Amino acid sequence: MGNIKVLLGKRIKELRKKQELTQEKLSELANIETPSLSNIENGKNYPNHETLEKLSTALQVRPYEMFIFDYYKSHKELIEEMNAYMLKNEKLTRQMYQFFECIK
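Participant: I keep staring at the overall build of the chain and nothing clicks. Help me out?
Facilitator: Secondary structure summary: the chain contains six helices and zero strands in total. For the chain, the succession of helices and strands along the chain, N to C, is α-α-α-α-α-α. Since a compact globule built from 104 residues should have a radius of gyration of about 13 Å, the 17 Å found for the chain marks it as more spread out than a globular shape. Principal axes of the C-alpha set define a box for the chain whose edges measure 50 × 25 × 20 Å. Here the chain, with 104 residues, has 28% of them falling under the buried criterion. By sequence separation, contacts in the chain at least 24 residues apart represent 56% of the contacts at least 6 residues apart. Summed over its atoms, the accessible surface of the chain is roughly 7,800 Å², and 53% of this surface lies on carbon and sulfur atoms. Between the centroid of the 17 positive side chains of the chain and the centroid of its 15 negative side chains there is a distance of 5 Å.

Encoded structure:
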């Protein structure tokens with residue numbers, strides 16, 4: 001699964017970007033220092049329970065939602081990853097297209 005500090009940092013960053021918040025704005029909303037948030041997002045520091053609570057409130061999510069790591073890739077990252085695989089494999093591209101035609 002990976003290092004929990006890194007995964008948590010990615011998840012917080014993902015939640016922040018979904019709300020179109022800068023690090024500075026989230027730091028202000030959570031009443032924490034911007035360098036602290038940066039270190040959390042980069043997986044260098046693990047936030048204590050008080051900071052997690054502040055971030056949860058500022059991001060308007062339940063605390064446990066910050067630990068849902070299955071979806072830490074952005075929409076753009078997923079498309080780019082799929083595109084890279086399909087460009088290498090024509091059969092896969094055709095299969096994905098057939099799947100797309102079935103679900104659209």
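Participant: Explanation requested: the side chain of Glu41 in the structure shown.
Facilitator: Residue position: Glu41 is located in helix 3 (residues 34-41). Among residues more than four places away in sequence, those in contact with Glu41 are Gly9, Lys10, Ile12, Lys13, Arg16 and Gln23.

Basis of the calculations
- Residues numbered from 1 in each chain as written.
- Predicted model: local features only at pLDDT ≥ 70, side-chain atom pairs only at ≥ 80, totals over all residues.
- Heavy atoms only, no water.
- Helix = DSSP H or I, 4+ residues; strand = E, 2+ residues; numbered from the N terminus.
- Rg over C-alpha atoms; globule rule 2.2 N^0.38 Å.
- Buried < 20%, exposed > 50% of the residue type's maximum accessible area, 1.4 Å probe, protein only.
- Contact = heavy atoms within 4.5 Å.
- Areas by Shrake-Rupley, 256 points an atom, 1.4 Å probe, with all protein chains shown as cover.
- Lys, Arg positive; Asp, Glu negative; His and termini not counted.
- Charge placed at Lys NZ, Arg CZ, Asp CG, Glu CD.

Take it as geometry only, folks, not as evidence of what the structure does.
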